[in-house]
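Structural overview
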Amino acid sequence: MSLFADIKKNFGSFQLNVRLDTGGRAGDSRAQTVLGILGASGAGKSLTLKCIAGLIRPDAGRIVLNGRTLFDSEKRIDLPPRKRHVGYLFQNYALFPHMTVYENVLCALSAEKSRAAKGEAAKQALSLMELWELRDRRPGQLSGGQKQRAALSRIIASRPEILLFDEPFSALDSHLREKLAVELQLFLQHMDLEAVIVSHSRDEIYKLCSDTAILEQGTVLLQKDTKALFADPEILAASILTGCKNHAAAVPASGQRVFVPEWGITLETGREIPADITHVGIRAHSFSEEISENAFPVKDTAGTEEPFEQLIRFRYASQDPSSEMLWQRRPKGNEHLPERLGVRPAEVLLLRKRGFLDEC
Amino acid sequence: MTLFPLWNSIRIAFFSSVIVFFTGIFLAHEIVKLPRLLKGVLDTLLTLPLVLPPTVCGYFLLRIFGLRRPLGAFLARYGISFVMNWQGGILAAALVSFPLMYRTARGAFEGFDEDLAGAGKTLGLSDTFIFWRIRLPVCRQGILAGLVLAFARALGEYGATSMLIGYTPGRTDTISTTVYQLWRTGNDLMAMRWVLLNLLISAVVLIFINLLERKP
């Protein structure tokens, strides 16, 4: 099971140039890939999904799903959306507002000829999402979570070969998101289908996706295993999108060290420095007073309370007073502000400004 | 008091609304998809009858369907004529009320969430199903409001109608041409009766529109 997509489209002011592959990674024994596309708003995430689903036609490229060519500009293949067998969960769920939940699900069963078989399949899909009791309600009478389940029932009934989720939690209140993320995870395991999830939230991507692609300004900069990506984002944009708060330009120094001119310090990294690195990143929670490595005096410290943590803003003592402040995140309960902060060498992220794709 | 003008107005408005309903929806739906320049040109052209004096619309209709004009003469050979008979009233009312249907329908289509159509497509629904069973019902309010407005406008049409079909009692007279004729001939009492009837119809139409605009 695999999805391969190579999509190019010119939108005038914006170029989409996306390459994704959910299968075929050597030594990958997992049966199911859930691919996350992480990008800021306007990066082209939804456009990518719409191209895969056939709702937007790319200028050039190729889309292959489980060995079936959905689109190939050279061979002039362009399957209409209804023949692609793609389950698309829209950002606002796109339930038909004038139909009941049951009628919505029946819409996915138009290929089924017999009325009895239709009813049976609809019942199955609705029962699976625990919506059978609510089948006669209209979408306007459902809560956010129920809407999502109704949309998922409709997708199940259409028997897709892949699932495409467009910002699945953006329409929900924050307290519902975590609960529904767990539901969605169970749903994905149950369906045993590949899925592509588009999101600007690193938390959602981290929870749900085995692989993650970083999309910036219409271009995929990087795709790799999600855990590996968060441990080593490689690229500045990826580091920002995975939530790292502190970045600065850097140059390799002697040995395994990098010099950071803006902060006025040289950091030990404990590993070989690639020649092409341009930036370093340090996650806010990597700083600690207890770490003696890479420990430097800090100034201008100020604390902000968060519900369950404390955020400290600071500058290194050697830093220019007009330069941007850094962030430390630490547990609550510590009254005094830090005077020196250290970072473990392995937690200094070594970053390139751009991806491989831009350079060639 | 003969009620023929009422009956004539209603049948003209009815047939005109049927024509305007389908052409308005069709053109509104097609024009939303066109490139901007072409859209602007066609949009102006189709809205023109709304701002033109109805007599100018009537003049155009006479230029086209007049019995001595090529198209009018051609149709007359097959026994079809739109001049000085009630069928011509349909044409005049349709032309003048068309922009009301067209613009309201276009507004409704432009507010339609395209993701609903996208969802229909990925679920395997045909384009015909999506149009008739999803797009139209979702845009129902706007389209019905346009239809009621067009019907009301057709019912009250005077300018283009009087130019194209004139006033022949018992054949082409409508409520509006009757009111004018009665007033012109000094029959104030009868004119007043028709005016009151007209007010009643208009009030019913407006109440109906307000009911439509209320969210269900």
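For the structure, check the block above.
Residues numbered from 1 in each chain as written. Chains lettered and ligands numbered in written order. Predicted model: local features only at pLDDT ≥ 70, side-chain atom pairs only at ≥ 80, totals over all residues. Heavy atoms only, no water.

1. Side note on unusual backbone geometry
Apart from glycine, the bulk of residues carry a negative phi angle, and the bulk of peptide bonds sit in the trans form. Residues and elements named next belong to chain A. For clarity, the threshold we go by: To qualify as a helix, a DSSP run of H or I must reach at least 4 residues; to qualify as a strand, a run of E must reach at least 2; elements of each kind are numbered from the N terminus. Only protein chains enter the calculation, and the probe is 1.4 Å; a residue is then buried if its accessible area is under 20% of its type maximum, exposed if over 50%, and partly exposed in between.
With a phi close to 55°, H85 is a non-glycine residue in the positive phi region. Looking at the element boundaries, H85 is found in the loop between β6 (77-78) and β7 (86-89). With a relative accessible area of 36%, H85 lands in the partly exposed category. A positive phi angle, close to 45°, is found at Q217, a residue other than glycine. Along the chain, Q217 turns up in the loop between β10 (211-216) and β11 (219-225).

2. Focus: the nonpolar core
Quick reminder of the rule: In this text, buried Ala, Val, Leu, Ile, Met, Phe, Trp, Tyr and Cys residues form a nonpolar core when linked through side-chain atoms within 4.5 Å. Contacts were defined at the residue level, with two residues in contact if any of their heavy atoms lie within 4.5 Å.
Core analysis: the biggest nonpolar cluster contains 107 residues, and A:F96, A:F165, A:F187, B:F109 and B:I143 have the highest contact counts within it. It is helix α5 (residues 86-110) of chain B that provides the largest number of residues to this core, a total of 7 residues. The contacts of A:F96, once residues within four sequence positions are left out, are A:N104, A:C107, A:P139, A:R154, B:L116, B:A119, B:G120, B:L123, B:L125 and B:I134. Counting 26 residues, the second largest nonpolar core, distinct from the first, contains B:A13, B:L75, B:A92 and B:A191.

3. Thoughts on empty space enclosed by the protein
Residue and element names in this part refer to chain B. The line we're drawing: Cavity and pocket criteria rest on a 1 Å grid covering protein atoms alone: a 1.4 Å probe that fits but cannot get out defines a cavity, protein on both sides within 12 Å along at least 5 of 7 lines defines an open pocket, and an atom within 4 Å of a point defines a lining residue. Grid points are joined across faces, edges and corners, and a volume is the space filled by probe spheres set on the points. Three residue categories are used. Nonpolar comprises Ala, Val, Leu, Ile, Met, Phe, Trp, Tyr, Cys and Pro, charged comprises Asp, Glu, Lys and Arg, and polar comprises the others, including Gly.
Summed over all chains, the structure comprises 1 cavity of 30 Å³ or more. One number sums up the size of the largest cavity: a volume of about 60 Å³. Lining the largest cavity are S9, I12, A13, G89, A93, A154, L155, E157, T161 and T174. Considering every element that reaches the lining of the largest cavity, the biggest residue donor is helix α1 (residues 4-31), with 3 residues. Looking at the lining of the largest cavity residue by residue, the class counts come to 5 nonpolar, 4 polar and 1 charged.

4. A closer look at the environment of B:T2
Residues and elements named next belong to chain B. Condition: Any pair of nitrogen or oxygen atoms within 3.5 Å is treated as a polar contact; in protein, a donor-acceptor pairing is required on top of that, and neighbouring residues in sequence qualify only through side-chain atoms on both sides.
With respect to the element layout, T2 can be found in the segment before α1. Residue class for T2 comes out exposed when judged on its relative accessible area of 56%. Sequence spacing of T2 and G118 is 116 residues, and the spatial spacing of their C-alpha atoms is 55 Å. Polar side-chain contacts of T2 include one of 3.1 Å to the backbone nitrogen of F4.

5. As for the interface of chain A and chain B
Put simply, the test is: In this description, buried area is defined as the sum, over both parts, of the accessible area (probe of 1.4 Å) that is lost when the two are combined. The term salt bridge refers to a pairing of a side-chain nitrogen on Lys or Arg with a carboxyl oxygen on Asp or Glu at a separation within 4 Å.
Between chain A and chain B, the contact holds 19 residues from the first and 17 residues from the second. Taken together, the two surfaces of chain A and chain B that pack against each other cover about 1,500 Å², and 69% of this comes from carbon and sulfur. Area buried by chain A at its contact with chain B is led by A:R82, A:F96 and A:H98, which between them contribute 35% of it. The interface formed by chain A and chain B holds 1 salt bridge in total. Across the pair A:K50 and B:D115 runs a salt bridge, and its minimum N-O distance is 3.3 Å. Counting across the chain A and chain B interface gives 4 residue pairs in polar contact (both at pLDDT 80 or more). Counting residues per element, the ones that place at least two in the side of chain A that touches chain B are α1 (45-53) and β7 of chain A.

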